[in-house]
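Here's the letter readout for the chains.
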Amino acid sequence: MFKEGTLEEYYTLIHEGEFRPRTVHERLEMAVHWLLNHRVETLGHLQEHLQDLLDRYITPAAEGYDVRKRMLVLAGPPGSGKSTLVHLLKEALVYISKTEEGAIFQLKECPLHEDPLLALPEKERKELNHAVSLQIEGFLSSKNQLRLKENFQEDWRKLPVERVYLSFEKRIGIGDFHPGDPYNQELNELIGSIDFSSITTYGSSSDPRSYRYDGEFQVANRGIVELHEFFKNIPSFLYVFQSITEERLYKIPKQSNVYPDVLPIAHTNMAELESFLKRPENESLSTRMLFHSIPYNLNVDDEVKYYRMKMKSEDHEKLCFHALNTLAETVIISRLVFHTAEYSIEERLKLYKSGLDEPFGKDGFIGMQPRFVLDVLSECMSKFEIVDANVLLNQLKFRIDSDLRLKSSEKEKYKISIEIARELYYNRIAFEVYQALEEYEYDRWQELLQQIVKKLSAKDLFIDKETTDSFKEERLEEWICSKSIRAESMSMFPDFIQEELRQKIFLSFFHQFQSPEKFLDWVRETFLLEINRNQQITFEMIEDWVYESILK
């Protein structure tokens, strides 16, 4: 593919239909499709937001509709994924710039990464529009106008063109802007600044050669500039951002307008957005913005995936039965509004897990921040060799109590969330134990149990004198009744007696929990630790654990 040459060669390539240059919105549409097709496993709850942005904003903007003139503002609580989403878009744009369909060309060695087609005269612009329906908006910057005049004698055909690849490291097409001190911050960070050391060489501060084109708008041209904590900027900055979005231009003092192809994406927290919208003087600005809410994740499965992505691979072996799942449920419960008559907390957990798109009321805009939870998870993984659900919940509760940033009402709600999730955890264990038993014909064993429980004495139940002649009846009865004896002591008996004892002790023990409440208590008290160490419940495990628990 064409990588370097003259503008005349580049123009011919486009005119003959061999290549079609794309705007930043068109390449962003390609980038989002790539993410949804190739990175879906890592997107989590951001997948639905990318799809919504694609439908609502990116595709219409790529097709040239008026929505492309709106400033995109992502709003949500701290840690909800706003910066992560923008970073994903940047990564995808970098990838697309390396494909033939998403190739980007600029005037060679241009610090503004300026589109070469801006140098075309009106006649050639009309020809391109007629031949391939390509409209060109804007004109060359003062710097490249001077370059065209002095180096190429106004002959646009000779202007050198090169392919360029977006890059984080080289700061090509990827920009970041953070608000600073409102009393000292200047537009230089966005539009560059005068190089005073070169004024004596060129004779004037208005000479483009006396200017440093190193602002974020120049760096990010042909790509994205991310605007962090957007509404902390002073009002004059907001109008500059709006100008570059709506009018597709910005002004450098004493120079002509610059026409970039850059997409500013802003993000903010909900408190700052609400404060901005309340001020009447901002009404005009707000109508030129497109707001997209990104609440906290409310899907348990996505939350667990997120935690796993943040963990070391060797830490996964430390996790016990439903440990991460219980932590995720705790966090998501804390993000729900408790007092609502429509659905219970457990019902909403199931709805969000099934893929419900729109949250109920304020669900997702309150609750524990991901960073806080990751700190607790990191601490547990570093501190313990075995991490079960109770270890995570107890450590989380400890950190909640000691956190100076949390209000007392938040602490109380978070601790209630922990206890709700803990109860769900115990209920889940009981349910899975019941399921394991049902797979092994539990009804048949219950019938057998009814016969056995009538003969609970060791003498009547376990002693068959014809087959145990070598053992004293008293010794066997004493062994069965002892709580201090170890399971391995059973090896002193013949195999057929071991099997009989194992089955009958197991079945007799189940008589203790005929009701669900007693069964749940038994699950908690008898072999919760053993379940945690094993990740998957099987009937054979249950039989062994019950048997060992009786003999300890």
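Residues numbered from 1 in each chain as written. Predicted model: local features only at pLDDT ≥ 70, side-chain atom pairs only at ≥ 80, totals over all residues. Heavy atoms only, no water.

Novice: Describe the side chain of His25, listing the residues and the values that go with them.
Specialist: Following the sequence through the fold, His25 ends up in helix α2 (residues 24–38). Residue classification places His25 among the buried positions, given a relative accessible area of 4%. (Helix = DSSP H or I, 4+ residues; strand = E, 2+ residues; numbered from the N terminus. Buried < 20%, exposed > 50% of the residue type's maximum accessible area, 1.4 Å probe, protein only.)

Novice: I'd like to hear about the packing of helix α14 (residues 300–310) against helix α17 (residues 370–383), residue by residue, with values.
Specialist: Interaxial distance between α14 and α17 falls to 11 Å at its minimum, and their mutual angle equals 55 degrees. Relative to α17, the element α14 lies oblique. Note on packing geometry: the crossing formed by α14 with α17 is right-handed. Each of Tyr306, Tyr307 and Lys310 in α14 lies in contact with α17, whose residues at this interface are Pro370, Val373, Leu374 and Leu377. Of the residues assigned to the contact of α14 with α17, the class counts are six nonpolar, no polar and one charged. (Axes fitted to C-alpha atoms, helices over the stretch in contact; angles between N-to-C directions. Parallel < 35°, antiparallel > 145°, perpendicular 65-115°, else oblique. Left-handed = near helix turned anticlockwise from the far one by under 90°. Contact = heavy atoms within 4.5 Å. Nonpolar A, V, L, I, M, F, W, Y, C, P; charged D, E, K, R; others polar.)

Novice: Tell me about unusual backbone geometry, and name the residues and values.
Specialist: Residues other than glycine seldom take positive phi values, yet Arg171 does so here, at roughly 55 degrees. Along the chain, Arg171 falls in the loop between β4 (160–164) and β5 (174–177).

Novice: Give a detailed account of the environment of Gly79, specifying residues and quantitative values.
Specialist: By secondary structure assignment, the location of Gly79 is in the loop between β2 (71–75) and α5 (82–96). What makes Gly79 partly exposed here is its relative accessible area of 22%. Along the chain, Gly79 and Gln369 lie 290 residues apart, while their C-alpha atoms are 5.9 Å from each other. Once residues lying within four places of it in the same chain are set aside, the contact partners of Gly79 are Tyr296, Pro370 and Arg371.

Novice: Account for the sheet that holds strand β9 (residues 263–268), naming residues and giving values.
Specialist: Read across the sheet, five strands follow the order β5-β8-β9-β2-β10 without closing on themselves; strand pairing throughout is parallel. The outermost strands of the open sheet, each flanked by one partner alone, are β5 and β10 (289–293). Shown here is a sheet whose adjacent strand axes are inclined to one another by a mean of 20 degrees, direction ignored. Taken together, the four bridges between β5 and strand β8 (residues 224–227) define a ladder with parallel strand orientation. Each residue of the ladder has a partner; that of Gly175, found in β8, is Val225. α5 rests against β2, β5, β8 and β9 of the sheet, and its axis sits at about 170 degrees to β8. (Pairing = 2+ DSSP bridges.)

Novice: Requested: an account of the packing of aromatic side chains, with residues and values cited.
Specialist: On inspection of all chains with the given rule, the structure shows 19 aromatic pairs. Between Trp34 and Tyr95, the aromatic rings sit 4.4 Å apart at their centres with planes inclined by 20 degrees, giving stacked as the arrangement. Residue Trp34 is found in helix α2, and its partner Tyr95 is found in helix α5; the two are separated by 61 residues along the sequence. By relative accessible area, which is 18% here, Trp34 ends up buried. Ring pairs connect the aromatic residues Phe177, Phe217, Phe230, Phe231, Phe237, Phe241, Tyr250 and Phe276, which therefore count as one cluster. (Phe/Tyr/Trp six-rings, centres within 6.5 Å; stacked < 30°, edge-to-face > 60°.)

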